[in-house]
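# Results of the structural survey
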Amino acid sequence: MGYSRILGTGSYLPSQVLTNAQLAERVETSDEWIVTRTGIRARHIADEQHKTSDLALRAAEAAIASAGIDKDEIDLIIVATTTPDMIFPSTACILQEKLGLPGVPAFDVQAVCAGFIYALSTANAYIKSGMAKKALVVGAEIMSRVLDWDDRRTCVLFGDGAGAVVLGASDEPGILHAKLAADGRYQGLLNTPAQISGGKIQGMPYLHMDGPAVFKFAVKSLSEIAMSTLAEAGVEKSAVDWLVPHQANLRIIESTAKHLGLSMDKVIVTLPEQGNTSAASIPLALDVAVRDGRIQRGQTVLLEGIGGGFAWGAALLIF
Ligand code: ACO
């Protein structure tokens, strides 16, 4: 059985930027508090008329261009999102229509901030089994729409954006190993519990989070899954050229890097300018580092992320 390999990357950030200082005009917070506790300085906010599929489209187009393929070669579309355009159809189907690719199978993956790892791992399995040859894998979010902008505990943390990769079948090593995990017993620690019933929103339609509990779990589970992914792939941690972590909190990222024995100059960090863009954060960070020349072909890259569920995972690959 061959490999699946990343053929190209792309990303998109809305032009509107919201700084910590601007947030401090709205809620009782400060740039100093936010930077010290999280590392975040600013985040991008989607225009009112845009939906998640619009952000996904820009990132997808950039990834297809970077892969140097004709879009008609794509035979699978997976979108990781927790902020879909609508309840149904899937954002992947809406993106498929916008890309002009009728007939191509398209579906969403919901694993919140771990969504991109889940989607990448799914596309990898499709390609390795021969069910697809070139998959478009997108992480796209408009988190600003599920935030309570009067809740300083959560509204300072998140941002909007999209990232994408084109994954293609290859004889050369690409994704070496991907590992997923979930534990629904922790669903209450991080959720947006609202549902629609009888034409009305039932329950709280805003993101709720027990920050300290999420922090503790994230540090432990990310380190564990990163180490076990490496062990199962038979790759030493010293062989990792780059860590591309989910961008939730700089202290979580630093802690995972420390467990892996990686210095921070081998870690891609986009959090200060982007905040936590949930499923979009890993492909956004990957694209930034590919485009600025840090991540080079042939290098070993470890991706890892965790989100509500809890759901978490890691993917080890040769870029
Ligand atoms: N500005 C000023 N003060 C604040 C703010 C704010 N924005 N938010 C909370 N505070 C206050 C609290 O009210 C509390 O005050 P009190 O002691 O008077 O009650 C105090 O700061 C400390 O609050 P804690 O929640 O204990 O602060 P903590 O040091 O844990 O930092 C944070 C909070 C940044 C959310 C941290 O817990 C964290 O990063 N957790 C990880 C969660 C995360 O990153 N989630 C993202 C989604 S999940 C994921 O992607 C993994």
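Residues numbered from 1 in each chain as written. Predicted model: local features only at pLDDT ≥ 70, side-chain atom pairs only at ≥ 80, totals over all residues. Heavy atoms only, no water.

## Overview of the UniProt feature "domain: Beta-ketoacyl-[acyl-carrier-protein] synthase III C-terminal" (unreviewed entry) in the protein
According to UniProt, the "domain: Beta-ketoacyl-[acyl-carrier-protein] synthase III C-terminal" (unreviewed entry) feature falls on residues 230–317. In residues 230–317, the share of helix is 33% and the share of strand is 22%. The end C-alpha atoms are 10 Å apart. (UniProt positions renumbered as here; feature names shortened; annotations may be inferred. Helix = DSSP H or I, 4+ residues; strand = E, 2+ residues; numbered from the N terminus.)

## Description of the side chain of S223
Here S223 is to be found in helix α7 (residues 211–233). We classify S223 as buried; its relative accessible area is 6%. (Buried < 20%, exposed > 50% of the residue type's maximum accessible area, 1.4 Å probe, protein only.)

## Concerning the packing of α7 against helix α8 (residues 250–259)
For the pair α7 and α8, interaxial distance at closest approach is 9 Å and the crossing angle is 35°. Like other packed secondary-structure pairs, α7 and α8 cross with a definite hand, here right-handed. Where α7 approaches α8, its residues F215, A218, V219, L222, S223 and M227 are matched on the opposing element by R251, I252, S255, T256 and H259. The residue inventory of the contact of α7 with α8, partitioned by class, reads six nonpolar, four polar and one charged. (Axes fitted to C-alpha atoms, helices over the stretch in contact; angles between N-to-C directions. Left-handed = near helix turned anticlockwise from the far one by under 90°. Contact = heavy atoms within 4.5 Å. Nonpolar A, V, L, I, M, F, W, Y, C, P; charged D, E, K, R; others polar.)

## Brief notes about the sheet that holds strand β15 (residues 311–318)
An order of β8-β15-β14-β13 is seen for the four strands of this open sheet, with the pairing classed as mixed. In this open sheet, the two strands that pair with only one neighbour each are β8 (175–182) and β13 (242–245). Sheet twist, expressed as the mean angle between neighbouring strand axes with direction ignored, is 10°. Here strand β14 (residues 300–307) pairs with β15 via eight bridges, running antiparallel. Its bridge partner lying in β15, I306 is registered against W312. On top of the sheet, helix α10 (residues 281–291) reaches β13 and β14; it is set at about 145° to β13, its chief contact. (Pairing = 2+ DSSP bridges.)

## So, the sheet that holds strand β5 (residues 106–109)
Consider a sheet: its strands pair through backbone hydrogen bonds, and that pairing is either parallel or antiparallel. Overall, mixed pairing links the five strands, which are arranged β1-β7-β6-β4-β5 in an open sheet. The open sheet has two edge strands, β1 (3–12) and β5, and neither has a second partner. Across the sheet, the axes of successive neighbouring strands diverge by a mean angle of 20°, strand direction being ignored. Pairing between strand β4 (residues 76–80) and strand β6 (residues 134–142): five bridges, direction parallel. By the bridge assignment, V79 is partnered in β6 with V138. Contacts from helix α3 (residues 52–67) reach β1, β6 and β7 (160–170), with the element oriented near 125° to β1. Where α10 meets the sheet, it contacts β1, β6 and β7, and its direction lies at approximately 90° from that of β1.

## So, the layout of surface pockets
The computed volume of the largest pocket comes to approximately 970 Å³. Among the elements of the structure, β5, β9 (190–191) and β10 (195–197) are those that each provide at least two residues to the lining of the largest pocket. Two domains share the lining of the largest pocket, each providing at least three of its residues, namely domain 1 (3–172) and domain 2 (176–318). The computed volume of the second largest pocket comes to approximately 660 Å³. Along its surface, the second largest pocket is lined by 29 residues, and R153, L157, M209, G211 and N249 are the ones closest to its centre. Of all the secondary structure elements, the ones that give two or more residues to the lining of the second largest pocket are α2 (31–38), α6 (152–155), α7, α8 and β14. In terms of residues, the lining of the second largest pocket owes the most to one element, α7, which gives six residues. Grouping the constituent residues of the lining of the second largest pocket by class yields 16 nonpolar, eight polar and five charged. Residue-level mapping places the lining of the second largest pocket at the junction of two domains, with at least three residues from each of domain 1 (3–172) and domain 2 (176–318). (1 Å grid on protein atoms, 1.4 Å probe; cavity = no way out; pocket = protein on both sides within 12 Å on 5 of 7 lines; lining within 4 Å. Points joined across faces, edges and corners; volume = space filled by probe spheres on them. Domains from an automatic or database assignment.)

## As for the packing of aromatic side chains
Per the stated rule, a full pass over the model turns up five aromatic pairs. For the pair F107 and Y126, a centre-to-centre distance of 6.2 Å together with 40° between the ring planes defines the contact as tilted. With F107 in strand β5 and Y126 in helix α5 (residues 115–128), the pair connects residues that are 19 residues apart, well separated along the chain. Among the residues examined, Y126 registers a relative accessible area of 26% and is labelled partly exposed. Ring-pair connections join several aromatic residues into one group, and the members of that group are Y186, F217, F310 and W312. Sitting over the ring of F319, R297 keeps its end group 4.0 Å from the ring centre. (Phe/Tyr/Trp six-rings, centres within 6.5 Å; stacked < 30°, edge-to-face > 60°. Lys NZ or Arg CZ within 6 Å of the ring centre and 35° of its normal.)

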